[in-house]
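Given next are the chains, with one letter for each unit.
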Amino acid sequence: MTVTRAPVPWTAPTAKDPVATTVRLPGSKSMTARALVLSAIADGPSTLRRPLRARDTELMAAGLRAMGSQVSTLDDDRWVVRPHPLAGPAHVDVGLAGTVMRFVPPVAGLAAGTVTFDGDPRARQRPVDQLVGALRSVGVRIDASDTGNLPLAVHGTGRVAGGEVEIDASASSQLVSGLLLAGAAFERGIVVRHVGPPVPSAPHLRMTAQMLRAAGAAVDDTTPDVWAVQPGKLAGRAWVIEPDLSGAAPFFAAALVTGGEVTLLGWPRTSSQPVDRLRALLHEMGGEVSLGTEGLTVRGTGAVHGLDADLSDVSELTPVLAALAAVADSPSRLTGVAHIRGHETDRIAALARELEALGADVTESHDGLEIRPRPLRGALFQTYHDHRLAHAAAVIGLAVPGVEVDDVACTSKTMPEFPALWSAMVDGH
């Protein structure tokens, strides 16, 4: 009989002094995932420079490999993708990765044979029904659960007719990106029309369009809520993956909490990630952000201020911003993020529950949180297998002794190095 032991809680280090550090972080998950998909359906080899090696991207590479793509990930700094005809039978383990469960099924439609998809138990609750319906409408045969979610079986014929689809992508912009990324390989391309409440995380859709164009696709995203990709061949190319902005957020928050300074090395002059939005939010909360020759630097001013903001375009930042709000000098209201209830966990409910356990005064609304700071105390912070919840706990732990994270290993989803990098930053080496 196998006994499964709960992870030993990780005590988040408390900062005795202002942090002062430079940090080199892994590549963007969003860019790595998109580059892998585009490379797998290109007409020649591609390389990914400085990709993210983490659970989500390893699952993406494994899924594409299962369908016949040659994906070499032996070199941490240089992955090589050599496209081959896609075929089943194959199985794709999506883990808990929204990118895998939404980007790979459209590609599987191009495979000759059946490709099955399943993942962690929570993955079966994450919405893909709109994607299933859209793919069926352009000629892909899919078996799905009664709810339209995982597990799925895509019965590919080696071709997808393509054409126009309507989709409600208010639950995730990934539903649109998944269709667009594969769309150039469809016989008639793809036109995606969104109907419903606003699509969240608009910067990720701009990233999808930019990367498609970089691979040679003709993309029209000039009409609001309509995206069109013309049929055509994608070129193999070298992708240089930027550092992950969402992964950098807790480190930047550390500068605010401790009144210190953190520089993210290797940040590009121009970026497809929403760096300007992050800069504005951190400035409003009391930080100073600058871009220099070394990288992107955030300085704390000795105070953390409350924030009233619609975060619909940068919802991944919600947990870290909520953590900052809990140690701020005035109340905060974070709105526009109803869709994060369908992420790795219900992030709104989880944040409310865990912040209250530390002593914060939190009101949960359907699309966000109101946080009124009060003196906080150490306690066990539950992550619900969600890497962003662990980041939030680490940020609060800088100012509040005794914050314990129940499962810091969940950060391996996007940054396996997180606990070591965080402790080194706080210890000053």
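Our structure's up above, just so we're on the same page.
Residues numbered from 1 in each chain as written. Predicted model: local features only at pLDDT ≥ 70, side-chain atom pairs only at ≥ 80, totals over all residues. Heavy atoms only, no water.

Colleague: Can you walk me through the overall build of the chain in this structure?
Modeller: Of the regular secondary structure elements, the chain holds twelve helices and 23 strands. At 21 Å, the chain has a C-alpha radius of gyration in line with the 22 Å of a compact globule built from 429 residues. Considering the chain as a whole, with its 429 residues, one finds that 58% of them fall into the buried category. Put simply, 72% of the contacts in the chain that link residues at least 6 apart link residues at least 24 apart. For the chain, the centre of its 38 positive side-chain charges and the centre of its 46 negative side-chain charges are spaced 5 Å apart. (Helix = DSSP H or I, 4+ residues; strand = E, 2+ residues; numbered from the N terminus. Rg over C-alpha atoms; globule rule 2.2 N^0.38 Å. Buried < 20%, exposed > 50% of the residue type's maximum accessible area, 1.4 Å probe, protein only. Contact = heavy atoms within 4.5 Å. Lys, Arg positive; Asp, Glu negative; His and termini not counted. Charge placed at Lys NZ, Arg CZ, Asp CG, Glu CD.)

Colleague: What is the right way to read the sheet that holds strand β18 (residues 308-310) from this model?
Modeller: The pairing of strands in a sheet happens through backbone hydrogen bonds and is either parallel or antiparallel. Taking strand neighbours across the sheet as the criterion, the four strands line up as β18-β19-β21-β20 in an open arrangement whose pairing is mixed. Whereas interior strands pair on both sides, the edge strands pair on one side only; in this sheet they are β18 and β20 (361-365). Each strand axis lies, on average, 10 degrees off the axis of its neighbour in the sheet, ignoring direction. Of the pairings in the sheet, the one linking β20 to strand β21 (residues 368-372) comprises five bridges and is antiparallel in character. (Pairing = 2+ DSSP bridges. Axes fitted to C-alpha atoms, helices over the stretch in contact; angles between N-to-C directions.)

Colleague: Hey, could you run me through the side chain of His-391 in this one?
Modeller: Summarising the element assignment, His-391 is placed in helix α11 (residues 387-397). Assessed through its relative accessible area of 1%, His-391 is described here as buried.

Colleague: So what exactly am I meant to see when it comes to the environment of Val-405 here?
Modeller: The topology assignment puts Val-405 in strand β23 (residues 404-405). Linking Val-405 and Pro-7, residues 398 residues apart in sequence, is a C-alpha distance of 9.7 Å. Filtering out sequence-adjacent residues up to four positions away, Val-405 remains in contact with Pro-9, Trp-10, Leu-380, Phe-381, Thr-383, Ala-390 and Ala-393.

Colleague: Where do I start with the packing of helix α5 (residues 174-183) against helix α6 (residues 202-214) in this structure?
Modeller: For any two helices packed against each other, one specifies the inter-axial angle together with the distance between the axes. Running from N to C, α5 and α6 point in directions that differ by 5 degrees, and their axes come no closer than 10 Å. Classified by the angle between their axes, α5 and α6 sit roughly parallel to one another. Taking contact as the criterion, the partners of Val-176, Ser-177, Leu-180 and Leu-181 in α5 are, on α6, His-204, Leu-205, Thr-208 and Leu-212. (Parallel < 35°, antiparallel > 145°, perpendicular 65-115°, else oblique.)

Colleague: Explanation requested: the sheet that holds strand β4 (residues 70-75) in the structure shown.
Modeller: Strand order across the open sheet formed by four strands is β4-β5-β3-β14, with mixed pairing between neighbours. If you trace the sheet from one side to the other, it starts and ends with β4 and β14 (238-240), each paired once. Strand-to-strand, the axes of this sheet are offset by a mean angle of 15 degrees, without reference to chain direction.

Colleague: It is not clear to me how helix α7 (residues 245-258) should be interpreted in this structure. Could you clarify?
Modeller: Each full turn of the α-helix corresponds to 3.6 residues, which orients residues three or four apart in the same direction. Taking 1.5 Å per residue, 14 residues should reach 20 Å; α7 reaches 20 Å between its end C-alpha atoms and fits that length. The buried fraction of α7 amounts to 14 of the 14 residues, a majority that puts the element mostly inside the structure. Its side-chain oxygen at 3.0 Å from the backbone nitrogen of Ser-246, Asp-244 defines the N-terminal cap of α7. Within two residues after α7, Gly-259 carries a phi angle of roughly 70 degrees, on the positive side. (Expected span 1.5 Å × (residues − 1). Polar contact = N/O pair within 3.5 Å; in protein donor to acceptor, adjacent residues only side chain to side chain.)

Colleague: Quick question: what am I supposed to make of unusual backbone geometry here?
Modeller: Leaving glycine out, the prevailing phi sign among residues is negative, and the prevailing peptide bond configuration is trans. In the segment running from Gly-88 into Pro-89, the intervening peptide bond is cis, with an omega of 5 degrees. If you trace the backbone, Pro-89 turns up in the loop between β5 (78-82) and β6 (90-93). Note that the residue after Leu-150, namely Pro-151, is joined by a cis bond; omega there is 0 degrees. Structurally, the position occupied by Pro-151 is in the loop between β8 (141-144) and β9 (152-157).

Colleague: Looking at this structure, how should I read the packing of aromatic side chains?
Modeller: Geometrically, a pair of aromatic rings is defined through the distance of the ring centres and the angle of the planes. Tallying each qualifying case throughout the model produces three aromatic pairs. Ring centres of Phe-251 and Phe-418 lie 5.8 Å apart, and the angle between their planes is 75 degrees; on these two criteria the pair is classed as edge-to-face. You can see Phe-251 sitting in helix α7 and its partner Phe-418 sitting in helix α12 (residues 418-427), a full 167 residues away along the chain. On the basis of relative accessible area, Phe-418 is assigned to the buried category, the value being 0%. Ring geometry for Phe-251 versus Trp-422: centroids 5.3 Å apart, planes at 65 degrees, classification edge-to-face. Linking Phe-251 in helix α7 with Trp-422 in helix α12, this pair joins segments that are 171 residues apart in sequence. (Phe/Tyr/Trp six-rings, centres within 6.5 Å; stacked < 30°, edge-to-face > 60°.)

Colleague: What is the right way to look at a positive patch on the surface in this model?
Modeller: Together, Arg-24, Arg-49, Arg-50, Arg-78 and Arg-82 give the surface a local cluster of positive charge. Position of Arg-50 among the secondary structure elements: in the loop between β3 (46-49) and α2 (55-66). Classification of Arg-50 by relative accessible area gives partly exposed; the value is 47%. (Patch = residues over 30% accessible without salt bridge, like charges linked within 9 Å, V, L, I, M, F, W, Y side chains within 5 Å. Areas by Shrake-Rupley, 256 points an atom, 1.4 Å probe, with all protein chains shown as cover. Salt bridge = Lys/Arg side-chain N within 4 Å of Asp/Glu carboxyl O.)

Colleague: Just checking my understanding: could you explain α11 for this structure?
Modeller: Among the eleven residues of α11, eleven are classified as buried, and the element is accordingly described as predominantly covered. Three or more residues of α11 are buried, namely His-387, Arg-388, Leu-389, Ala-390, His-391, Ala-392, Ala-393, Ala-394, Val-395, Ile-396 and Gly-397. The N-cap of α11, judged by a side-chain oxygen 3.0 Å from the amide nitrogen of Arg-388 a few residues on, is Asp-386.

Colleague: Before we go on, may I ask you to explain the pattern of salt bridges in this structure?
Modeller: Here the idea is simple: oppositely charged side chains can pair when their charged atoms come close. According to the stated counting rule, one finds 19 salt bridges in the structure shown. In this structure, Asp-76 engages Arg-53 in a salt bridge whose closest nitrogen and oxygen atoms are separated by 2.6 Å. Taken together, the residues span a long stretch of sequence, with Asp-76 in the loop between β4 and β5 and Arg-53 in the loop between β3 and α2 at a distance of 23 residues. By relative accessible area, Asp-76 is classed as partly exposed at 45%. What makes Arg-53 partly exposed here is its relative accessible area of 26%. Of the charged contacts, one joins Arg-124 and Asp-118 as a salt bridge, the two residues approaching to 2.6 Å between their closest N and O atoms. Given the relative accessible area of 42%, Arg-124 is considered partly exposed. If you follow the salt bridges from partner to partner, you end up with Glu-316, Arg-347, Asp-386 and Arg-388 in one network.

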